[in-house]
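Below, each chain spelled out in residue letters.
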Amino acid sequence: MNQISPGAFLAPAVDWLNTNFHPIFAVISRIIETVLTGIETALLTLPAPAVIAVVVLAAVLAVGIRAAILAACCLGFCWLMGLWTASMQTIALVVLAVAISVLIAFPLGIVAARRRRVEAALRPILDIMQTVPPWVYLIPAVMIFSLGRVPAIIATIVYGIPPMLRLTTLAFRGVPNDLKELGQAIGARPGTILWKIELPAAKPTLLVGLNQCILLSLAMVVLAGLVGAGGLGAEVTRGLTRMEMGLGLRAGLAIVAVALLLDRLSRSALDRKRKGA
Amino acid sequence: MDIKNSDAAEVLIDCQSVWKVFGEKSTEAIRSITQRGLTKKQILQEFNCVVGVSDASLQVRRGEIFCIMGLSGSGKSTLIRLLNRLIAPSLGKVLVKGRDIAALNDADLRQMRAKNIGMVFQSVALLPQRNVLENAAFGLEVQGVGRDERNRAAEAALAKVGLADWTQRYPSELSGGMQQRVGLARALTSDPEIILMDEPFSALDPLIRRQLQDEFRQLTKDLGKSAVFITHDLDEAIRIGDRIAIMKDGVIIQVGTAEEIVMNPADQYVADFVAGISRLHLVKAHSLMAPVAGYAGNVDALPRCAPDADIDALIGAITGGHSDAVAIADNGGIVGIVTIRNLLLGVRGETADASRAA
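What counts and how
- Residues numbered from 1 in each chain as written.
- Chains lettered and ligands numbered in written order.
- Predicted model: local features only at pLDDT ≥ 70, side-chain atom pairs only at ≥ 80, totals over all residues.
- Domains from an automatic or database assignment.
- UniProt positions renumbered as here; feature names shortened; annotations may be inferred.
- Helix = DSSP H or I, 4+ residues; strand = E, 2+ residues; numbered from the N terminus.
- Contact = placed C-beta atoms within 7 Å.
- Nonpolar A, V, L, I, M, F, W, Y, C, P; charged D, E, K, R; others polar.
- Pairing = 2+ DSSP bridges.
- Axes fitted to C-alpha atoms, helices over the stretch in contact; angles between N-to-C directions.

**Points about the domain arrangement of chain B**
Then, number 1: Domain assignment breaks chain B into domain 1 (3–7 + 62–88 + 103–116 + 192–274) and domain 2 (285–357).
Then, number 2: Between the C-alpha centres of domain 1 of chain B and domain 2 of chain B there is a distance of 32 Å.

What follows is the structure, encoded as structure tokens:
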């Protein structure tokens, strides 16, 4: 009967956070809700065919014809499946979660690439973040932010940070030493070396990190349907609880379509310059 | 190889008893070197520190090409990085144009690297996402020079290395030799007085390498630049260098002109190195000649050569006529005689004095 339960310490800690930092959490919650609603509104105001047309046009201009065809197929599929609103909600969640993950992981990853000690300190934390089953994050997130989209986003960010951070560190470690020496030897400032030498050299690996971040975030957002995050996750949850194979399959395929869309578009948009080279 | 001229010239880089010790306990290691005079081996045993460069002193003068020759692990790459402070010395001073670069703040150090010291790397280190022109202009770009001005300078530098038609190409489209030309052009674009060359031609095939060696020497002399040139190839050092420093295990064993090193190697290591080097174009009459008094024949009938004529020229002079010796004339007077015996010894890298003593 003598079991050690971290929960015995963590639950009071979460309670303590809740009582003492509630205003801060309320502000965070408010900001996330506002941005999320903004993105959703932007995606849902126009009718589906118009949004598809805009995305396809933008893809043709910014990326290329192949990406445009892919975007048309993916979005068209979501629309025809009758899951347009849910898909747009999911995209909004993922876009925001990935943006925040990258904002946190990218600078930390660069610092970790330069300082061994920072990396050594971060590594166990990242291991925990990646191995603890994602449901577990949802519990404190829900305790602090209550049900809805905000705990879903928070849990998704926690899940999205490790791949981005690890691959950012790897990417910057992999920049050839002679390129960095070149920067120093021509008298470039550290910021210039980072921006003009290291970043372009690190780009391929960074793109892999972004891709992993997007895909894992999408997986988590779907799981977050359990806590009322809405979107395709809610459809999957409904299909599961009602044992409706058809609904589950449709929602599942729509998730694949969204994943393809976000991954290919982000990758080719960021990778465009290299192709010109 | 005009030694008289370069003697008088201004010293651009003055490296004074510089040490570099790598390792966690390098501070303690340095202290014991200064206080107890430990050797490299003792440092490794006691502190587990590697001595990269040990008590190196050298001076690079304006307009001079200074070669540092050593095998891998001899510390030559570390030494060249100490000269522009890519690596900070553990002990000793490096003066560039009379200023101690350790005393410069970050901004001044950047300024000095940008304006005074260019560098060319063995791996070329071109930025793959930029075309040749953008690569060549990169040094000026980070200095904040406007696009038109830096492109003009880069085009001029690319023209000097024979790449005027390649400005819009990307590095991956260029051969190794051409890439290294871009590296050189990039260093020239900022118009520095000193160019540090870190084994720039080592990865190239022999024909291209020789061609680039000759072009580099010509270009450096034409532009009046000074260069420190790192190489593991003694032939290359002799082709390019006005003076050569031989390095082994972090120590500079000998500094001198190619002729001095070949004729008077400082130790067995250098002697082994120069053993295979052809003396034909290296050894000059003034180091071979014997006193006129020792010659039994008629001096006036001999063909004449200048003191800086090499063995090849002397052989030509002797075989052209029917004499057995050449008179060496300087300023109208005859200063010495080179006999066939002297020539044969010279080809073996010996002088008459040395063989007599032996």
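**Some remarks on the UniProt feature "transmembrane region" (unreviewed entry) in chain A**
Residue and element names in this part refer to chain A.
Then, number 1: Mapped onto this numbering, the UniProt entry gives "transmembrane region" (unreviewed entry) at residues 50–79, 91–114, 134–161 and 206–227.
Then, number 2: Helix makes up 100% of residues 91–114 and strand makes up 0%, while its end C-alpha atoms are separated by 34 Å.
Then, number 3: For residues 134–161, the helix share is 89%, the strand share is 0%, and the end-to-end C-alpha distance is 13 Å.

**A short note on the interface of chain B and chain A**
Interfaces are frequently sized by the accessible area removed from exposure as the parts join.
Then, number 1: Opposite the 17 residues of chain B that make contact, chain A presents 16 residues.
Then, number 2: Looking at the side of chain B that touches chain A, the elements with two or more residues in it are α5 (106–115) and α7 (138–142) of chain B.
Then, number 3: At four residues, the largest contribution of residues to the side of chain B that touches chain A is made by α5(B).
Then, number 4: Of the residues assigned to the side of chain B that touches chain A, the class counts are nine nonpolar, six polar and two charged.

**Here's the deal with the sheet that holds strand β1 (residues 11–22) of chain B**
Residues and elements named next belong to chain B.
Then, number 1: The antiparallel open sheet is built from four strands, whose spatial order is β2-β1-β4-β5. Lying at the two open borders of the sheet, with one neighbouring strand each, are β2 (50–61) and β5 (99–100).
Then, number 2: As judged from the five bridges shared by β1 and strand β4 (residues 91–96), these two strands associate in the antiparallel manner. The residue of β4 that forms the bridge with Cys-15 is Val-94.

**As for the sheet that holds strand β11 (residues 304–305) of chain B**
All names here are of chain B.
Then, number 1: Ordered in space as β11-β12-β13, the three strands form an open sheet in which the pairing is mixed. Only two strands of the sheet have a single neighbouring strand rather than two, namely β11 and β13 (333–339).
Then, number 2: Relative to strand β12 (residues 325–330), β11 runs parallel, the two being bridged by two bridges. Bridging across to β12, Arg-304 finds its partner in Ala-327.
Then, number 3: Of the strands in this sheet, β12 and β13 touch helix α16 (residues 340–347), which is tilted by about 70° from β13.

**So, the UniProt feature "domain: ABC transporter" (unreviewed entry) in chain B**
Then, number 1: In this structure's numbering, the residues bearing the UniProt feature "domain: ABC transporter" (unreviewed entry) are residues 33–274 of chain B.
Then, number 2: Strand forms 21% of residues 33–274 of chain B and helix 44%; the C-alpha atoms that close the span are 32 Å apart.

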